[in-house]
Amino acid sequence: MIQSLLHSPLSLGPMQLRNRIALAPMAGLTDVPFRTLAWRFGAGHMVSEMVASKLDLWHTQKSQLRREALPCAAPTAVQMAGNEPAVMAETARRLVDEGAALIDINFGCPAKKVCRRAAGSALLGDLDRVANIVETVAAAVSVPVTIKTRTGLVVDDRIGAEAVRAAEQAGARMVVMHGRSRACKFAGAVRFAAVAEASRDLSIPVFANGDIDDAQSAAQALAQSGADGIMIGRGAIGQPWIFQELAGAGAPTLPQRLAIMCEHLDHMHRFYGLQQGVRIARKHIQAYLQRLDATALVPEFMRLDTAFAQVTWLSALTETTILEQQQRVKAKPPLAVNSLSC
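Residues numbered from 1 in each chain as written. Predicted model: local features only at pLDDT ≥ 70, side-chain atom pairs only at ≥ 80, totals over all residues. Heavy atoms only, no water.

Caption draft 1: Broad picture of the environment of T149. Within the secondary structure layout, T149 lies in strand β8 (residues 145–150). Of the residues examined, T149 reaches a relative accessible area of 1% and is grouped as buried. For the pair formed by T149 and G235, sequence separation is 86 residues and the distance between their alpha carbons is 18 Å. If we skip the residues at most four places from it in the chain, T149 touches F107, G108, L124, V164, V176, M177 and H178. (Helix = DSSP H or I, 4+ residues; strand = E, 2+ residues; numbered from the N terminus. Buried < 20%, exposed > 50% of the residue type's maximum accessible area, 1.4 Å probe, protein only. Contact = heavy atoms within 4.5 Å.)

Here's what the structure looks like:
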């Protein structure tokens, strides 16, 4: 039942998402190399890393890399943050001119550096501005406008539900709600009651987000929220194959996971260049190792300071692991082969 819902397409006006399992935009994490893997493993919708709406930052390398599209994935969705409706409308027009087929507005980021600029989840304190931003941006572009938000400013307030109603009336075509308040950041239990309220009240699709990292948590999120789909954030880091698992295809074997890590590492080095790629790679390889219960290896990898050293280290780990597995298989008596697992 859950798999059939999640893997049915979803229409947003003239466009269609290939399924209802989305990858959340996360600055510094869900970049082109990571989104390439997520799409290959079955993500149905992906939104770029957050782009600031400040036009004086348009030509910076960070902004350009975050806006870069994946030719293989559709629709191309870009998330932006800001608090000035007219400026955000101009940014949205530029993004569409570059090829964006969907604009997502961030009303959910709890980071201090974003909230200090009265953007992200800080805007939940000004629902009139939320509505004004959505209305102005939606009027400026011909593509669907979606929003990502939170349950409210603090636990148990109902501001999130009010915000999404205002956004729908202003022209939003889809809502993603993280089941925590701004004050909670990423701590404490996810509360999907507010997401359920939004799902009941709105006529546009609602996606649930927060602490979804396997099939069980995905099922719980859907059951408790009544949402039309789910968005996975931190739960996908270190395991981009989670989208494949939610489709019922099973997880890759250990050698396959190591091969994915090698591919991801190479893509990061090529996308960012060797120097910046080394820094970016550390947090991703760390996440992979933690998912593999190999946390003891993390310090060793973090000390590597060149792309060559990183590639050599991971290649050696892969070869050693494969050889060890082959030796274990050979050591097993024939009748026990079917009981082996990776």
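Caption draft 2: Up close: empty space enclosed by the protein. Taken as a whole and assessed by the stated rule, the structure comprises one cavity of 30 Å³ or more. Roughly 120 Å³ of internal volume is contained in the largest cavity. Around the largest cavity, the lining comprises 14 residues; the ones closest to its centre are R35, M46, P75, T76 and A77. Mapped by element, the contributors of at least two residues to the lining of the largest cavity are α2 (32–40) and β6 (77–81). Looking at the lining of the largest cavity, its residues break down into nine nonpolar, two polar and three charged. (1 Å grid on protein atoms, 1.4 Å probe; cavity = no way out; pocket = protein on both sides within 12 Å on 5 of 7 lines; lining within 4 Å. Points joined across faces, edges and corners; volume = space filled by probe spheres on them. Nonpolar A, V, L, I, M, F, W, Y, C, P; charged D, E, K, R; others polar.)

Caption draft 3: Highlighting the confidence of the model for the chain. Averaged over the chain, the pLDDT score is 89; the fraction of residues at 70 or greater is 92%. Segment residues 334–342: pLDDT under 50, and six contacts once partners within four positions in sequence are set aside and those in other chains are kept. (pLDDT = per-residue confidence, 0-100.)

Caption draft 4: How the structure looks around the environment of R282. Considering the arrangement of structural elements, one finds R282 in helix α12 (residues 274–291). Given the relative accessible area of 21%, R282 is considered partly exposed. C-alpha separation for the pair R282 and L304, spaced 22 residues apart in sequence, amounts to 8.9 Å. Excluding residues that lie within four positions of it along the chain, R282 makes contacts with F301, M302, L304, D305 and Q310.

Caption draft 5: Broad picture of unusual backbone geometry. Geometrically, the link from A74 to P75 is a cis peptide bond, its omega value of 0° lying close to zero. Looking at the secondary structure, you find P75 in the loop between α3 (61–67) and β6. Even without being a glycine, D211 presents a positive backbone phi close to 60°. Here D211 shows up in the loop between β10 (206–209) and α9 (215–225). A positive phi angle, near 60°, is found at D293, a position not held by glycine. Looking at where D293 falls in the secondary structure, it is placed in the loop between α12 and α13 (298–302).

Caption draft 6: Layout of α9. All buried positions along α9 are accounted for by S217, A218, A221, L222 and S225. Viewed end-on, α9 has its buried residues packed into an arc of 135°, placing them on one side of the element. Opposite its buried face, α9 presents the exposed residues Q216 and A223, each directed more than 90 degrees away. Put simply, D214 is the residue that caps the front of α9, since its side-chain oxygen is 3.3 Å from the backbone nitrogen of Q216. Just downstream of α9, G226 is the residue with a positive phi angle, here 65°. (Arc of directions from axis to C-beta. Polar contact = N/O pair within 3.5 Å; in protein donor to acceptor, adjacent residues only side chain to side chain.)

Caption draft 7: Summary view of the sheet that holds β8. One open sheet holds the nine strands; their spatial order is β4-β3-β11-β10-β9-β8-β7-β6-β5, and the pairing between them is parallel. Taken across any chain shown, the strands that pair with only one partner, and hence form the sheet edges, are β4 (45–46) and β5 (51–52). Two elements, strand β9 (residues 174–178) and β10, share four bridges in a ladder whose sense is parallel. Its bridge partner lying in β10, V175 is registered against V206. Across the sheet, helix α8 (residues 193–201) is in contact with β9 and β10; its angle to β10 comes to roughly 175°. (Pairing = 2+ DSSP bridges. Axes fitted to C-alpha atoms, helices over the stretch in contact; angles between N-to-C directions.)

Caption draft 8: Main features of the packing of helix α4 (residues 85–97) against helix α6 (residues 127–140). It is the contact of α4 with α6, at a shortest axis distance of 8 Å, that shows an interaxial angle of 35°. By crossing handedness, the relation of α4 to α6 is classed as right-handed. Mapping the contact onto sequence places P85, A86, M88, A89, A92 and R93 in α4 and R129, N132, I133, T136, V137 and A140 in α6. In terms of residue class, the contact of α4 with α6 is built from eight nonpolar, two polar and two charged. (Left-handed = near helix turned anticlockwise from the far one by under 90°.)

Caption draft 9: Layout of the side chain of E49. As for its placement among the helices and strands, E49 is situated in the loop between β4 and β5. For E49, a relative accessible area of 4% gives the class buried. Reaching out from E49, the side chain makes a polar contact with the backbone nitrogen of G28 at a distance of 2.7 Å. Beyond its immediate sequence surroundings of up to four residues, E49 is in contact with P25, M26, A27, G28, L29, T30, D31, R35, R66 and Q79.

Caption draft 10: Representation of the side chain of T30 in the model. Secondary-structure assignment places T30 in the loop between β3 (21–23) and α2. With relative accessibility at 0%, the residue T30 sits in the buried group. A polar atom in the side chain of T30 sits 2.8 Å from the backbone nitrogen of M26. Excluding anything up to four places from it in sequence, T30 contacts L23, A24, P25, R35, V47 and E49.

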